[in-house]
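The lines below spell out each chain.
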Amino acid sequence: MADLERIATGTMAFYRAFDEGATVRHRFRHGDEEGGLRYIEAVPERGELVVVKQVELTSASQLHRYSWDHLEDEHGGSGTPGTHAARYSSP
């Protein structure tokens, strides 16, 4: 269990450093086929975008928020570095 806690703490520190140290931010939105919306905020790092915040509003009006201090829950989790930003459009 100590290893999982250490990994979680390191992951939180990774995202927090990007979020707090960012001078440039990119914001994207995406609508899914069921009518839900997802908004993300990403910061550039070495030619990729690191997702630092994500908000999802489902078609059932449920709101899910993810950031460095809330990386995941039973509904899902925040994006991983450089993986989601390309498929979103700017608001």
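Everything that follows concerns the structure shown earlier in this document.
Everything numeric in this text was worked out from a predicted model, so none of it was measured.

Draft legend 1. Examining the overall build of the protein more closely. Scanning the protein from terminus to terminus reveals one helix and six strands. Sequence-ordered secondary structure for the protein, helices as α and strands as β, is α-β-β-β-β-β-β. For the protein, the proportion of its 91 residues judged to be buried stands at 26%. Within the protein, counting contacts between residues at least 6 apart in sequence, those at least 24 apart form 42% of the total.

Draft legend 2. Fine view of the nonpolar core. By size, the foremost hydrophobic cluster in this structure holds six residues: Tyr15, Phe18, Val43, Val50, Val52 and Trp68. Those elements giving two or more residues to this core turn out to be helix H1 (2-21) and strand S3 (48-57). For Phe18, the contacting residues outside a window of four places in its chain are Val43, Glu45, Val50 and Val52. Grouped together as the second largest cluster of nonpolar side chains are five residues, Phe28, Ile40, Leu49 and Val51 included.

Draft legend 3. Looking closely at the packing of aromatic side chains. This structure, assessed with the given rule, holds one aromatic pair. Taken together, a centroid distance of 5.3 Å and an interplanar angle of 85 degrees make the contact between Phe14 and Tyr15 edge-to-face. Judged by its relative accessible area of 36%, Phe14 is partly exposed.

Draft legend 4. Quick peek at the environment of Ser67. In this structure, Ser67 sits in the loop between strand S4 (63-66) and strand S5 (72-73). The spacing of Ser67 and Gln54 is 13 residues in sequence and 6.5 Å in space, taken between C-alpha atoms. Look past the residues within four positions of Ser67 in its chain and what remains in contact with it is Val52 and Lys53.

Draft legend 5. How the structure looks around the sheet that holds S4. With respect to topology, four strands assemble into an open sheet ordered S1-S2-S3-S4, the strand pairing being antiparallel. Each end of this open sheet is capped by a strand with a single partner; those strands are strand S1 (26-31) and S4. Adjacent strand axes in the sheet meet at a mean angle of 25 degrees when their direction is disregarded. Contacting strand S2 (37-45) and S3, H1 crosses the sheet at an angle of about 95 degrees to S3.

Draft legend 6. Representation of unusual backbone geometry. Here the phi dihedral of Arg46 falls at roughly 50 degrees; this positive angle occurs in a residue that is not glycine. Position of Arg46 relative to the elements: it lies in the loop between S2 and S3. Note on Arg46: relative accessible area 80%, which makes it exposed. Phi at Ser61 takes a positive value of approximately 65 degrees, unusual for a residue other than glycine. Mapped onto the elements of the fold, Ser61 is located in the loop between S3 and S4.

Basis of the calculations
Residues numbered from 1 in each chain as written. Predicted model: local features only at pLDDT ≥ 70, side-chain atom pairs only at ≥ 80, totals over all residues. Heavy atoms only, no water. Helix = DSSP H or I, 4+ residues; strand = E, 2+ residues; numbered from the N terminus. Buried < 20%, exposed > 50% of the residue type's maximum accessible area, 1.4 Å probe, protein only. Contact = heavy atoms within 4.5 Å. Core = buried A, V, L, I, M, F, W, Y, C linked by side-chain atoms within 4.5 Å. Phe/Tyr/Trp six-rings, centres within 6.5 Å; stacked < 30°, edge-to-face > 60°. Pairing = 2+ DSSP bridges. Axes fitted to C-alpha atoms, helices over the stretch in contact; angles between N-to-C directions.

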